[in-house]
Amino acid sequence: NKRSNCSDNSSGIMVTCICSPALGEKWTASVVKSLEAVVGSCVVLPCSFNYPGTLLPTSRLRGIWHRIKKDEEIVYSEDNTRVLDSFKGRTNMIGKLGDKNCTLEITDVKDHDNGPFCFRIELVKTHDNKETTEKYSFVGECAQLKMRKDPPEPELFQSNTAVQGKPYSVTCSVHHTCPSHVPVFTWSRGSKDDIIHIQKPILSGIWETQSIMVFIPEENDDHTEITCTATFNGGKVTSRSIQLNVKRIGNIYHIIIPVTVAIGMAVIFGVICIAVMEKYKNRIAELQSREGSMFNRLSRMSRR
Ligand SMILES: *[C@@H]1O[C@H](CO)[C@@H](O)[C@H](O)[C@H]1NC(C)=O
């Protein structure tokens, strides 16, 4: 909106935009218009807004969330008495209004919380000791919730091949819409020290929580199941399992050991053969020389 305001019009407005961006702003809000929410869990509606005039601190701003077309049906207000009974204690402004952040959290989501909900801002200004309030409802930017009875199942990813005795990782991941109370993962094996948690935004309002478990598989882990369980805020639980296939290092030793032994035996046998032959060579030579001398003597005798 800000950009179109600056570029659509004459260069005069462009200059105003560049010189003082705080002035010349319009009443605008940006909310995620549609988001899934799990009944019984929590949901965070991302929201930011803008208003004309100078920047005001949080103490001079009042943020309200109300039902679309029903200004009086307030689902969030700082003043709890103005909030509908069915929403009392379940809504929370987690965005800082002073930062133009109107992000709303709804906890213990009910089936009928589908909305749409719209944001209203009230600016409290003082002029000559007189307090004036400027109000603006952003009815064109409202958030609707799509209710889910059950949370989604986690997804499991394994690193290539599990090899006995070598570190191996399994990643469990789930999408959710409540970054203020993320799902908690538990694993059917391994200790807490083996687990890494990661949070990352996927799309506006949608988050992914990952749990990565690194462990060293042993021979007896082959063909065992590994289960990842995600517990969502509010207590709903989903899980998924995979089977581990552990490649045994023993398989390689089964080949290496006999081959090594066979080669060793052959070498030893060869050495013995050579040694024996060396010994016999001497004897044979000895015998031959003895025979030779005997023959010489005999031949001499016969000549005589
Ligand atoms: C608004 O506030 C929420 C909650 O504190 C925060 O997660 C989010 O990043 C803020 N948004 C912006 C645009 O700063």
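Residues numbered from 1 in each chain as written. Predicted model: local features only at pLDDT ≥ 70, side-chain atom pairs only at ≥ 80, totals over all residues. Heavy atoms only, no water.

### So, the overall build of the protein chain
Quick reminder of the rule: Strands here are runs of E lasting at least two residues and helices are runs of H or I lasting at least four, both read from the DSSP assignment and numbered beginning at the N terminus. Residue contacts are defined here by distance: any two heavy atoms, one from each residue, within 4.5 Å place the two residues in contact. Here the Shrake-Rupley method, with its probe set to 1.4 Å, supplies the accessible areas, and only the displayed protein chains count as covering residues.
Helix and strand counts for the protein chain stand at 3 helices and 19 strands. Within the protein chain, residue pairs in contact and separated by at least 24 positions form 62% of the contacts whose partners lie at least 6 positions apart. Summed over its atoms, the accessible surface of the protein chain is roughly 18800 Å², and 55% of this surface lies on carbon and sulfur atoms.

### Topic: the packing of aromatic side chains
Two numbers describe a pair of aromatic rings. These are the distance of the centres and the angle of the planes. Under the convention used in this document: Ring geometry is summarised as follows: Phe, Tyr and Trp rings, the Trp one being its six-membered ring, pair when their centres sit within 6.5 Å, and such pairs are stacked at plane angles under 30 degrees, edge-to-face over 60 and tilted between the two. Remark: exposure states derive from per-residue accessible area (1.4 Å probe, protein chains only) relative to the maximum for the residue type, with buried under 20%, exposed over 50%, and partly exposed in between.
In total, this model carries 8 aromatic pairs according to the counting rule given. A centroid spacing of 5.6 Å and a plane angle of 50° characterise the contact between W65 and F119, whose relative ring orientation is tilted. Here the residue W65 occupies a position in strand β5 (residues 61-67), and F119 occupies one in strand β9 (residues 117-127), the gap between them amounting to 54 residues. Taking the relative accessible area as the measure of exposure, F119 reaches 0% and is therefore buried.

### So, the state of the cysteines
This is how it is decided: Here, the term disulfide refers to a pair of cysteine sulfur atoms separated by no more than 2.5 Å.
Summed over the entire model, instances satisfying the criterion amount to 4 disulfides. With a sulfur-sulfur separation of 1.8 Å, C47 is cross-linked through a disulfide to C102. Measuring the twist about the S-S bond at about -75°, one finds the C47-C102 disulfide to be left-handed. Taken together, the positions of C47 in strand β4 (residues 47-50) and C102 in the loop between β7 (91-93) and β8 (104-106) put the pair 55 residues apart, joining distant regions of the chain.

### Description of the sheet that holds β9
Let me state the cut-off plainly: A pair of strands is labelled paired if DSSP reports no fewer than 2 bridges between them. Every axis corresponds to a line fitted to the C-alpha atoms, with the helix fit spanning only the stretch in contact, and the corresponding angles, defined between N-to-C directions, vary from 0 to 180 degrees.
Ordered by their spatial adjacency, 5 strands build an open sheet running β2-β10-β9-β5-β6, and the pairing between neighbours is mixed. Where the open sheet ends on each side, the last strands, each with one partner, are β2 (34-38) and β6 (70-76). Taken over all neighbouring pairs, the strand axes of this sheet differ in orientation by 45° on average, direction set aside. Of the strand pairs in this sheet, β5 and β6 are connected by 3 bridges, and their pairing is antiparallel. When the sheet's bridge partners are listed, H66 is paired in β6 with I74.

### Comments concerning the confidence of the model for the protein chain
Just so we agree on the cut-off: Per-residue confidence from the predictor is given as pLDDT, running between 0 and 100.
For the protein chain, the average pLDDT comes to 84, and 85% of its residues sit at 70 or higher. Predicted confidence for residues 1-21 stays below pLDDT 50, and this span has 8 contacts to residues more than four positions away or in other chains.

### Here's the deal with the site of the ligand
The criterion, for reference: A molecule or strand has a residue near it when one of that residue's heavy atoms lies within 4 Å. In protein, a polar contact means a hydrogen-donor-capable atom and an acceptor-capable atom, both N or O and within 3.5 Å, with residues adjacent in sequence counting only if both atoms are side-chain atoms; elsewhere, any N or O pair within 3.5 Å suffices.
The local shell around the ligand consists of I94, G95, N101 and T103. Backbone polar atom of I94 to an oxygen atom of the ligand: 3.3 Å apart, as the coordinates give it. The side chain of N101 places a nitrogen or oxygen atom 2.4 Å from an oxygen atom of the ligand. Here the ligand, which alone exposes 360 Å², has 34% of that area covered by the protein.

### Thoughts on the nonpolar core
Let me state the cut-off plainly: Each nonpolar core is a collection of buried residues, namely Ala, Val, Leu, Ile, Met, Phe, Trp, Tyr and Cys, held together in the definition by side-chain atoms within 4.5 Å.
If you look at the biggest cluster of nonpolar residues, it comprises 32 residues, and the most contacted ones within it are L45, F49, W65 and F119. Broken down by element, the residue count for this core peaks at 4 residues, all from β9. Beyond its immediate chain neighbours, meaning those up to four positions away, F119 contacts C47, F49, G63, I64, W65, M93, L97, C102, Y136, S137 and F138.

### Some words on the pattern of salt bridges
What counts is decided by this rule: Think of a salt bridge as a Lys or Arg side-chain nitrogen and an Asp or Glu carboxyl oxygen that are within 4 Å of each other.
All told, the structure shown has 13 salt bridges when counted by the stated rule. A salt bridge links K110 to D108; the shortest N-O distance between them is 3.0 Å. The class for K110 is partly exposed, based on a relative accessible area of 30%. For D222, the salt bridge goes to R248, with nearest N and O atoms at 3.7 Å. Placement of D222 in the loop between β16 (206-215) and β17 (225-231) and of R248 in the loop between β19 (246-247) and α3 (250-303) is noted, with a sequence separation of 26 residues between them. When its relative accessible area of 16% is taken as the criterion, D222 is described as buried. When salt bridges that share partners are traced, they join R62, R120 and E122 into one network.

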